[in-house]
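Coordinate inspection notes
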Amino acid sequence: MPRTVPDVVPAGRMNSNDQPILNAGPDLILRPWIRSDAPALVAAFSDAAIQRWHTRVFSSEEEAEAWIDRWGELWNAETDASWAVTSATARELNGYVALRSVDLESGSAHVAYWVVEAARGRGVATAAAEAISRWAFDDLKLHRLELRHAAGNVASCNVASKLGFALEGTARSAELLTDGWHDEHLHARINPVPIP
């Protein structure tokens, strides 16, 4: 059945190009994942604070490598994009930032992130999420970005506020974590440049 409006973003906008490396500050870059990141991923997911708000754990470097490989497939499918957040100089892993559930037809995606313990308290999540938001709006030309988090995750709520993602509401019992169901906050930001 034909649509009465065109896709917000034409198919091929992502996968016709290599995933970009993005600058997120004076000593912070976002780059595609590489297999040599596997040990750092295993270490990151052994952190209780990351496990608190996420439902994944890696029991081996092979599992982490498979997770890394999957991101290339998702980029080519134009459904998701993920970056390793690293220091530009030392190259150590600071965290993860991603566009999840990319929908080119409607011009939307969800922003997700986490930060390793050693990098917390320095604005890494905010800088990384701002960098991919700028790329999503300016280069990919998405119309709407959403940021969802468990209502009890105060740090994520603070990041959303700093980024100008307006709180639109609370979805009751919407996120299942290891300790049960949690309410989830929904924040959103609209591309400031109108897309015809």
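To be clear, the structure that these remarks concern was listed above.
Cut-off values and rules
Residues numbered from 1 in each chain as written. Predicted model: local features only at pLDDT ≥ 70, side-chain atom pairs only at ≥ 80, totals over all residues. Heavy atoms only, no water. Helix = DSSP H or I, 4+ residues; strand = E, 2+ residues; numbered from the N terminus. Rg over C-alpha atoms; globule rule 2.2 N^0.38 Å. Contact = heavy atoms within 4.5 Å. Areas by Shrake-Rupley, 256 points an atom, 1.4 Å probe, with all protein chains shown as cover. Lys, Arg positive; Asp, Glu negative; His and termini not counted. Charge placed at Lys NZ, Arg CZ, Asp CG, Glu CD. Core = buried A, V, L, I, M, F, W, Y, C linked by side-chain atoms within 4.5 Å. Buried < 20%, exposed > 50% of the residue type's maximum accessible area, 1.4 Å probe, protein only. Pairing = 2+ DSSP bridges. 1 Å grid on protein atoms, 1.4 Å probe; cavity = no way out; pocket = protein on both sides within 12 Å on 5 of 7 lines; lining within 4 Å. Points joined across faces, edges and corners; volume = space filled by probe spheres on them. Nonpolar A, V, L, I, M, F, W, Y, C, P; charged D, E, K, R; others polar. Phe/Tyr/Trp six-rings, centres within 6.5 Å; stacked < 30°, edge-to-face > 60°. Lys NZ or Arg CZ within 6 Å of the ring centre and 35° of its normal.

**Looking at the overall build of the protein**
Within the protein, the secondary structure is distributed over five helices and eight strands. Along the protein, helices (α) and strands (β) appear in the sequence β-β-α-α-α-β-β-β-α-β-α-β-β when read from the amino end. Taken over the C-alpha trace, the protein has a radius of gyration of 17 Å; the compact-globule value for 196 residues is 16 Å, and the two agree within 12%. Dimensions of the protein, computed from the C-alpha atoms along their principal axes, are close to 50 × 40 × 35 Å. Restricting the contact set of the protein to residue pairs at least 6 apart, pairs at least 24 apart contribute 61%. When the accessible surface of the protein is totalled, it reaches about 10100 Å², and 53% of it is carbon and sulfur. Seen as two clouds, the 18 positive and the 26 negative side-chain charges of the protein have centres 4 Å apart.

**Overview of the nonpolar core**
Ranked by internal contacts, the top residues of the largest apolar core, which has 54 residues, are L30, W33, L41, W83, L99, W114 and L145. Looking at this core element by element, the count peaks at nine residues for helix 4 (residues 124-138).

**Things to note about the pairing of strand 8 (residues 180-190)**
Taken across its 11 residues, strand 8 has eight buried, putting it largely inside the fold. Strand direction decides the pairing type here: strand 6 (residues 144-150) and strand 8, joined by seven bridges, are antiparallel. Bridged to R144 within strand 8 is I190. What sits between strand 7 (residues 166-177) and strand 8 in their antiparallel hairpin is a turn of two residues.

**As for the layout of surface pockets**
Where empty space is left in the structure can be found by rolling a water-sized probe over the atoms. Taken as a whole, the largest pocket holds about 1200 Å³ of empty space. Lining the largest pocket are 41 residues, and of these W53, H54, Y113, W114 and S156 lie nearest its centre. Only helix 2 (48-53), helix 3 (61-77), strand 4 (93-103), strand 5 (108-115), helix 4, strand 6, helix 5 (154-162) and strand 7 provide two or more residues apiece to the lining of the largest pocket. Of all the elements, strand 5 adds the most residues to the lining of the largest pocket, at six residues. Among the residues making up the lining of the largest pocket, the classes are represented as 22 nonpolar, 10 polar and nine charged.

**Quick word on the side chain of D80**
With respect to the helices, strands and loops of the structure, D80 is situated in the loop between helix 3 and strand 3 (81-87). Those residues in contact with D80 that sit more than four places away from it in its chain are M14, W71, L74, W75, L99, R100, S101 and V102.

**Focus: the packing of aromatic side chains**
Here the structure, examined in full by the defined rule, presents 10 aromatic pairs. Consider the rings of W71 and Y96, whose centres lie 6.3 Å apart with planes at 50°: the pair is tilted. In this pair, W71 is assigned in helix 3 and Y96 in strand 4, connecting sequence segments 25 residues apart. Judged by relative accessible area, which is 7%, Y96 ranks as buried. Above the face of the W53 ring, R52 is positioned so that its terminal group lies 4.2 Å from the ring centre.

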